[in-house]
Structures are given as structure tokens and as C-alpha cells.
Amino acid sequence: MKYKNNKLIIDRINVDFLAKKFSTPIYCYSFNKLKKNILHFKKSFQKINPLICFSVKSNSNLQILREIKKFDFGADVVSGGELMKAIKAGINPKKIVFSGVGKTSSEIEYAINKKILLINAESKNEILEIEKIANLKKKNVNIGIRLNPNTDAKTISQISTGKKENKFGVDEKKFLKLIDYIKKSRYLDLRCLSVHIGSQILSHKPYEKMLKAVNRVIEKSNHNFEYVDLGGGMGIDYMHNNKRLNLKKYALSIIKILKRNNSKIIFEPGRSIIGNTAILITQVIYVKEGHKKDFVILDAAMNDFMRPALYNAEHKIIPSKKRNGFSKKTYEFVGPICESTDKFATIKKFKKLIEKDFIVICDVGAYGTSLSSNYNVRPKPLEIMVKGSKIQIINKKQKLSELM
Ligand code: LLP
């Protein structure tokens, strides 16, 4: 994305052109950026030669899953629905891992029928349920156990998952006991140790702590894990000030800390693959004078893009064309929904805007559409993908009639 003659261009296409051709709000993805992220991820971990399972919760658009699959990716899913979508996108079930603390019996049965690579179990009761279904079907099932390494990911608390007070995984003691139990089971095969400490992690240090905990458990267990699934969580540079996780440093830590006796490493990245590939193009409906600031009221709202309302997440906002001069007052960018958290950002110095202008919310590719809803009976927006100078519709805007 860059400005050419003060007009914002994505790949080779003018953002105002897109906004006028289709109706806003529009999620617009760049294929080039997606490809670049995938190649960068693969290159950073080249020495480890991992299986990379894209985390479908971050973006479950079928067309995007199909593109990602072409780069030999598998999928990390957390529901029967995500599993169905990953399979529909053509992802090989032998490259699909299923995580989550509350898998239902029918989801487990579906995963077993589809012969996926691993069900990563998160509790003893879940293991008992998988075993019950495996016994009934007389089928061997490959499972992993998720370790809770009691590690602080040093990220937003709502997306931190690896501390002992979090609901995820089991602690070291329980983990070791479960290994003994599974060893005696007729149909369960323990293939994997899995772990995931949180999301939007910007330093390799929490990962180092996590790796030490993983290594300790592997050594104590005396079990040969075919896979070590290190989850996702790699953070991206939302504020565009070069603060992102250094993947190469992380790769070095893995090599240094994990004495993994030939286990295959699995990663489950979501955000680092898809986060910065998309923008949300939205139109200014009104500029409303407020007390100390002006409200820029947009046609996108918290139902379209939830991260700021849910986590106070920060996203850059930029104009689609730069006018001369700046706003007199601070701008507060808000949506039309009747909630005070329906707000995207407050920006002190912004290029002057007038009604009907278009603006862009950046880096909305991960947990953008996947967290969107129909709150206020608002249809979900159009999704398009730009490939060089071509535009592809990858999800139609919902019709109001579909919501009746
Ligand atoms: N694996 C597991 C087991 C996970 O729970 C997650 C994310 C991932 C992989 C992918 O993490 P990533 O590479 O995308 O960081 N809605 C929040 C993020 C929630 C993350 C949940 N788990 C947000 O918008 O920031």
C-alpha cells in the first residue's frame, strides 16, 4: 500500500476506485502481501522444516484457505465448522490439527471419521471421551496433549493463554500422569505435545520460557513424541513502527532449547500470515462536532470489525486521499452502532476529512471477518482480493433478505 499523487493505492489499484465500484464497507486483501508473508514465514523456519497449519480462526474465508493451501499448508481448527471448511478448501486432513477445550462428542467423531492428523486434547475428561468414541469405532486415534507451561506471553491479557489460571491445557504433573494412562489405552496413540501461550507476541523471550517448559516435560516423560506443536501467536507490527516478532530469533531459540529427538515441529500461525494483508475501506457518513473533538461517523462499525471494541486494539487509520491541511480538532472515528465502544480510534492530527470521503482501517486480515457479526441486523461486508491489477470477489456482501 502506498500513496501516489496523494491517492492511496493497494498493489496497482486505487482505493477510491474500489470504494466507488463496490459499496463500502469493503474488506480488501492483497494476494501479493499474503504470498510474501507465507514465503517469509517458511524461510524464517527453513532449518526446522515444520508442518505449518494455518489457524483458521484468524480467517476462515474459503478462497483465502484455498490460496494458503497451495503453499503446502495444513490447518489448525477449533470446531466442527472450521474442520468442515478446511476440508472443503481442499486441505489434506493428514495436515489438520484440532485444538480447543470443549470439543463435543459429535465434533470428535467427525474428526476421527475424517482421519485428521491430530486431536490435541486439553483435559483428562476429553481424553476419556475420545477414548470412548475410539473404542466404539474400534479405530486408532492419534492424539496430542496440550501442555499449560505457566508462561506469561506478555501480550493483551484477553489473548493470553499459557498461564496456570487460564483454562487451556494441563500442567506438567497432570501431563505426565496422562501419558501413563494413554500408554495403557487400546486405541489411543500419543503422538504430540502441543502448546500455545497466547497471541500477538512481540518478543522471543516468552517463547524461550515456553520452550524450556516443553523441553523439561519431554525429558521427564521419556516418551518419543512424533510431533511437537508449538502453536501460533507470532505478533505483527500494527502501529507500523517496526515492532514485530523476529521469526528468525524464535527459530534459533527452538534449535537451541529443544532437544527434540527428531520430533517434527508444527506451527499454527494465524495473524502473522493474514493480519497485514487486508484493509477495511469505509466511508465517512457524517462529521459531527463534539465537545473537544469531532466524531467521524463511518459506515463500518464494531460488528464489521470488533478488535478495537473488544480488546482496545490499536489499528492505523489513513485517508484514501490526502487533502491539504489537517483537522482543527481531534478526530474520533466511530461506527453508527448504539454503543460507546463502537469506536475505532482517536487521532489528534489527521488530514482534513469531509463527508463522503473514504478512509482505510489497516491490518484487519486476522480476526476481522472471523469475529464479525450481524449485530444491529447489519449485513456482513463484501470481501475482495487484489491480485496485481485483477480484482476477485471472495465473499459477497450479505443481503438483508438473508438476515430476515
Ligand atoms: N493455536 C491456538 C491453539 C490458538 O488458540 C490460536 C489463537 C492460534 C493458534 C493462532 O494464534 P495467532 O498466530 O493468530 O496469534 N481474537 C484475538 C486473538 C485470539 C487468538 C486465539 N487463539 C485478536 O483479535 O487479537
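So, how was this worked out
Residues numbered from 1 in each chain as written. Predicted model: local features only at pLDDT ≥ 70, side-chain atom pairs only at ≥ 80, totals over all residues. Heavy atoms only, no water. Domains from an automatic or database assignment. Contact = heavy atoms within 4.5 Å. Buried area = accessible area lost by both parts, 1.4 Å probe. Salt bridge = Lys/Arg side-chain N within 4 Å of Asp/Glu carboxyl O. Polar contact = N/O pair within 3.5 Å; in protein donor to acceptor, adjacent residues only side chain to side chain. Helix = DSSP H or I, 4+ residues; strand = E, 2+ residues; numbered from the N terminus. Nonpolar A, V, L, I, M, F, W, Y, C, P; charged D, E, K, R; others polar. Pairing = 2+ DSSP bridges. Expected span 1.5 Å × (residues − 1). Buried < 20%, exposed > 50% of the residue type's maximum accessible area, 1.4 Å probe, protein only. Arc of directions from axis to C-beta.

K.L.:
Residues and numbers for the domain arrangement of the chain, please.
P.N.:
Taken domain by domain, the chain comprises domain 1 (2-29 + 275-403) and domain 2 (31-274). Between domain 1 and domain 2, the C-alpha centre-to-centre distance is 32 Å. Between domain 1 and domain 2, the contact holds 28 residues from the first and 25 residues from the second. Summed over both partners, the interface of domain 1 with domain 2 buries about 2200 Å², with 54% contributed by carbon and sulfur atoms. When residues of domain 1 are sorted by the area they lose upon contact with domain 2, N276, Y311 and Y367 head the list and together hold 24% of the total. A salt bridge links E67 to K387, with the shortest nitrogen-to-oxygen separation between them at 2.9 Å. Linking domain 1 with domain 2 are 14 residue pairs in polar contact (both at pLDDT 80 or more). Among the secondary structure elements, those contributing two or more residues to the side of domain 1 that touches domain 2 are α11 (307-311), β19 (382-387) and β20 (390-395). Across the side of domain 1 that touches domain 2, the residue classes break down as 10 nonpolar, 11 polar and seven charged.

K.L.:
Tell me what's going on with the sheet that holds strand β1 (residues 2-4), and back it up with residues and numbers.
P.N.:
Within a sheet, neighbouring strands are paired by backbone hydrogen bonds and run either parallel or antiparallel to one another. The three strands lie next to each other as β1-β2-β3, forming an open sheet whose pairing is antiparallel. A strand with exactly one partner marks an edge of an open sheet, and here the two such strands are β1 and β3 (13-14). Examined bridge by bridge, β1 and strand β2 (residues 7-10) share three bridges and lie antiparallel to one another. Bridge assignment links Y3 to a residue of β2, and that residue is L8.

K.L.:
Outline helix α2 (residues 31-44), listing residues and values.
P.N.:
When the terminal C-alpha atoms of α2 are compared, their 20 Å separation across 14 residues agrees well with the 20 Å that a helix rising 1.5 Å per residue should span. Those residues of α2 not exposed but buried are F31, L34, N37, I38, F41 and S44. Take α2 and look down its axis: the buried residues cluster within an arc of 170°, on one side only. The outward face of α2, more than 90 degrees from its buried face, is lined by the exposed residues K36 and K43.

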